[in-house]
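Structure at a glance
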Amino acid sequence: LQKATIILDYHFRTKARRVPDNYSGKMILDGLKNNGFIADDSFKEIDIFPMADFGKVKSDSMDIYIIEGRKLLTYASELVHENQVMDQLNRLTDGE
């Protein structure tokens, strides 16, 4: 893929403290690039979203989601903008 959104969804068995920079996904991105899943792993070509949940699984694991294009970020920003507009409208109508 030329442009992609990548979600790294980490699942940890325990609620032990985890430091996000240790789970940046560098090795995973390198592997996706080297095996032809993505064209490049630069910020110009991908959006990356690491996520984590704790204490819900029996063993540590990770799910990798690759979404063609940069649609997730665009969609999220549209939702934020829509929510901001709705908040402004609500403030205007509450003042009446």
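Anyway, here's the lowdown on the structure attached to this text. (Residues numbered from 1 in each chain as written. Predicted model: local features only at pLDDT ≥ 70, side-chain atom pairs only at ≥ 80, totals over all residues. Heavy atoms only, no water.)

Topic: the overall build of the protein chain
Along the backbone of the protein chain there are two helices and three strands. Compactness check: the protein chain gives a C-alpha radius of gyration of 18 Å against a globular reference of 12 Å for 96 residues, more than 25% above the reference. At a minimum sequence separation of 6, the contacts of the protein chain that also span at least 24 residues come to 82%. Computed over 13 positive and 16 negative side-chain charges, the inter-centroid distance for the protein chain is 8 Å. (Helix = DSSP H or I, 4+ residues; strand = E, 2+ residues; numbered from the N terminus. Rg over C-alpha atoms; globule rule 2.2 N^0.38 Å. Contact = heavy atoms within 4.5 Å. Lys, Arg positive; Asp, Glu negative; His and termini not counted. Charge placed at Lys NZ, Arg CZ, Asp CG, Glu CD.)

Here's the deal with the sheet that holds strand S3 (residues 61–68)
Reading across the sheet, the three strands line up as S2-S1-S3 and stay open at both edges, with mixed pairing between neighbours. Each of the sheet's edge strands pairs with one partner strand only, and the pair in question is strand S2 (46–54) and S3. Strand-to-strand twist in this sheet, taken as the mean axis angle between neighbours without regard to direction, amounts to 15 degrees. Strands in contact with helix H1 (residues 26–34) are strand S1 (4–12), S2 and S3; relative to S1, the strand with the most contacts, it is inclined by about 135 degrees. (Pairing = 2+ DSSP bridges. Axes fitted to C-alpha atoms, helices over the stretch in contact; angles between N-to-C directions.)

Regarding the side chain of Glu45
Relative to the helices and strands, Glu45 is located in the loop between H1 and S2. In this structure Glu45 comes out as buried when scored by relative accessible area, which is 16%. A distance of 3.3 Å separates a polar atom in the side chain of Glu45 from a polar atom in the side chain of Lys3. Not counting the four nearest positions on each side in its chain, Glu45 is found in contact with Gln2, Lys3, Ala4, Asp40 and Arg70. (Buried < 20%, exposed > 50% of the residue type's maximum accessible area, 1.4 Å probe, protein only. Polar contact = N/O pair within 3.5 Å; in protein donor to acceptor, adjacent residues only side chain to side chain.)

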